[in-house]
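Results of the structural survey
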Amino acid sequence: MNIKIKYFTNQIDKLEYIDGKSDWIDLRAAEDIELKANQFKLIPLGIAIKLPPGYEAHVVPRSSTFKNYGIIQTNHMGVIDSAYCGDNDQWFMPVFALRDTKISLNDRICQFRIMENQPSLHFEEVKMLSPENRGGFGSTGKS
């Protein structure tokens, strides 16, 4: 699958798909960032992508992001749909700092993968789903 990409800076490494290792692709901070504890920031990721129709991108922190930088992604998982593909539609990571931190230009802070959109769904209301019950919320693994 060929994907069109625009870089907003030449100071970050180009995206790289590493076949056989992971199908998640690292994204990098497109500028130096300093945050104080309890600050919010949209961190620019330096790219815009034209996703194929029928696809979306899921953006999540890397496993080491909190340990290394003390930030959490405020929406927990970003979903970028294929309509967000204009010339100025740069990708961002919305973060909240839990401690004072510095993120350097080109640091790998999040990752994404491209997923096919959910198929069209139609909901049918019923009086009963199944005669079996698992025991309700939080019941897995309890006797």
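In what follows, the structure referred to is the one given above.
Below: a short report on this structure. (Residues numbered from 1 in each chain as written. Predicted model: local features only at pLDDT ≥ 70, side-chain atom pairs only at ≥ 80, totals over all residues. Heavy atoms only, no water.)

**Looking at the sheet that holds strand S2 (residues 25-28)**
What the 4 strands build is an open sheet, ordered S2-S11-S6-S8; its pairing is antiparallel. Looking at strand neighbours, the two that pair on one side only are S2 and strand S8 (78-81), the edges of this open sheet. Neighbour-to-neighbour, the strand axes of this sheet turn through a mean angle of 30 degrees, independent of strand direction. Of the pairings in the sheet, the one linking S2 to strand S11 (residues 108-116) comprises 4 bridges and is antiparallel in character. The residue of S11 that forms the bridge with Leu-27 is Cys-110. (Pairing = 2+ DSSP bridges. Helix = DSSP H or I, 4+ residues; strand = E, 2+ residues; numbered from the N terminus. Axes fitted to C-alpha atoms, helices over the stretch in contact; angles between N-to-C directions.)

**Describing the pairing of S8**
The alternating pattern of S8 places Gly-78 and Ile-80 on a buried face and Val-79 and Asp-81 on a face that is not buried. With 4 bridges joining them, strand S6 (residues 55-61) and S8 adopt antiparallel strand pairing. Bridging across to S8, His-58 finds its partner in Val-79. (Buried < 20%, exposed > 50% of the residue type's maximum accessible area, 1.4 Å probe, protein only.)

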